[in-house]
Amino acid sequence: MFNCTVSGVEMRKRQAAHIEAPPQAPGQPRPNTCCLCWCGCCKCLWNEDRMERSERQTCTKMDSIEATEEQRPSLEEVLSWARSFEMMLRSLEGREVFRQFLRSEYSEDNLLFWLACEELKKETDPTAVDEKARIIYEDYVSILSPKEVSLDSRVREGINQSLAEPSNLMYEEAQLQIYTLMHRDSFPRFLNSSVYRDLLASRRRTCLDT
């Protein structure tokens, strides 16, 4: 009976020594953890490190969620698209949502052509202008292209003549024609589509929740 008591006292002393031990210097081996670490009821180094790692992971997850939220368009921005086709096209998020809708109607290439023309107009290097102009022609204007956009014969003929001396504005008239087609034909259907309406409803719910 006496031996059992002594054994219990010694065990408690050993546990207390682990709990009150000073922190180890970096690079030094850690002492053996106490027998109660698994339940988290002591202040041993292993348990403190475990709690610190858990807090860091929680903060990282919250930062990721906040970053994702920041990338989504606001309710005000989504509403502004319905008022202005131009404003929607100038918004990165707006273009992505509109492109998603156009893809469902198999007319995504109209937007891609318009964007390619926008990039060409910003180009000033003659060699780059020549290369980009020919890529646009092969991808969207040539009758051999599977992504051919709908242009009238007069505009198409003008482009063919410009190929001899490409410029960064050679597709300006064709770009305007595709812009008008998307504005008058695709855009009204987009505003009535589930793609836009679902996004609008989602943004409204987010505003109510906050």
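Scroll up for the structure.
Residues numbered from 1 in each chain as written. Predicted model: local features only at pLDDT ≥ 70, side-chain atom pairs only at ≥ 80, totals over all residues. Heavy atoms only, no water.

A.B. asks: Hey, could you run me through the overall build of the chain in this one?
C.D. replies: When helices and strands are counted, the chain shows 10 helices and 0 strands. The burial tally for the chain puts 29% of its 210 residues in the buried class. Of all intrachain contacts in the chain linking residues separated by at least 6 positions in sequence, the fraction that spans at least 24 positions is 52%. Of the roughly 14300 Å² of accessible surface on the chain, 53% is carried by carbon and sulfur atoms. (Helix = DSSP H or I, 4+ residues; strand = E, 2+ residues; numbered from the N terminus. Buried < 20%, exposed > 50% of the residue type's maximum accessible area, 1.4 Å probe, protein only. Contact = heavy atoms within 4.5 Å. Areas by Shrake-Rupley, 256 points an atom, 1.4 Å probe, with all protein chains shown as cover.)

A.B. asks: Hey, could you run me through the pattern of salt bridges in this one?
C.D. replies: By the definition in use, this model includes 12 salt bridges. Asp130 is paired through a salt bridge with Arg134; the nearest N and O atoms lie 3.4 Å apart. In this pair, Asp130 and Arg134 both sit in helix H7 (residues 126-141), 4 residues apart, roughly one turn of the helix. For Asp130, a relative accessible area of 29% translates into the label partly exposed. For Arg134, a relative accessible area of 36% translates into the label partly exposed. (Salt bridge = Lys/Arg side-chain N within 4 Å of Asp/Glu carboxyl O.)

A.B. asks: Would you mind showing me how to read the packing of helix H6 (residues 108-122) against H7 here?
C.D. replies: Working note: a packed helix pair is described by the angle between its axes plus the distance between those axes. Look at H6 against H7: their axes get within 10 Å of each other, and the N-to-C directions meet at 170 degrees. Here H6 is positioned roughly antiparallel relative to H7, judged by the angle of their axes. Facing H6, whose interface residues are Asp109, Leu112, Phe113, Ala116, Cys117 and Leu120, H7 presents Val129, Lys132, Ala133, Ile136, Tyr140 and Val141. For the contact of H6 with H7, a count of residues per class yields 10 nonpolar, no polar and 2 charged. (Axes fitted to C-alpha atoms, helices over the stretch in contact; angles between N-to-C directions. Parallel < 35°, antiparallel > 145°, perpendicular 65-115°, else oblique. Nonpolar A, V, L, I, M, F, W, Y, C, P; charged D, E, K, R; others polar.)

A.B. asks: When you look at helix H8 (residues 153-162) in this model, what are you seeing that I'm missing?
C.D. replies: Three- or four-residue spacings in an α-helix give side chains the same orientation, since the helix completes a turn every 3.6 residues. Where H8 is concerned, the buried positions are Val155, Arg156 and Ile159. Looking down the long axis of H8, one finds its buried residues gathered within 100 degrees of arc, a one-sided arrangement. Exposed side chains of H8 directed beyond 90 degrees from the buried face belong to Ser153, Arg154 and Gln161. The elements touched by buried residues of H8 are H7 and helix H9 (172-191). In this structure Asp152 caps H8, since a side-chain oxygen of it lies 3.2 Å from the backbone nitrogen of Arg154. (Arc of directions from axis to C-beta. Polar contact = N/O pair within 3.5 Å; in protein donor to acceptor, adjacent residues only side chain to side chain.)

A.B. asks: What should I look at first to understand the nonpolar core in this one?
C.D. replies: Among soluble globular proteins, nonpolar side chains are generally buried collectively. Judged by nonpolar contacts, the single largest core of 38 residues is most densely connected at Phe98, Phe113, Tyr171 and Phe190. Elements supplying a minimum of two residues to this core: helix H3 (75-83), helix H4 (85-90), helix H5 (92-104), H6, H7, H8, H9 and helix H10 (194-209). Of all the elements, H9 adds the most residues to this core, at 7 residues. In this structure Tyr171 touches Phe113, Cys117, Leu120, Ala133, Ile136, Tyr137, Val141, Ile159 and Leu163, once residues within four positions along its chain are discounted. (Core = buried A, V, L, I, M, F, W, Y, C linked by side-chain atoms within 4.5 Å.)

A.B. asks: When you look at the environment of Cys207 in this model, what are you seeing that I'm missing?
C.D. replies: When you line up the elements, Cys207 lands in helix H10. Residues Cys207 and Ser74 lie 133 residues apart in sequence; the distance between their C-alpha atoms is 8.9 Å.

A.B. asks: Teacher, can you tell me more about the packing of H5 against H9 here?
C.D. replies: Contact geometry for H5 and H9: axes closest at 10 Å, N-to-C directions at 90 degrees. The angle between H5 and H9 places the two elements in the roughly perpendicular class. Note on element contacts: H9 touches H5 through Met182, Ser186, Phe187, Arg189 and Phe190, opposite Val97, Phe98, Phe101 and Leu102. Class assignment of the residues belonging to the contact of H5 with H9 gives a composition of 7 nonpolar, 1 polar and 1 charged.

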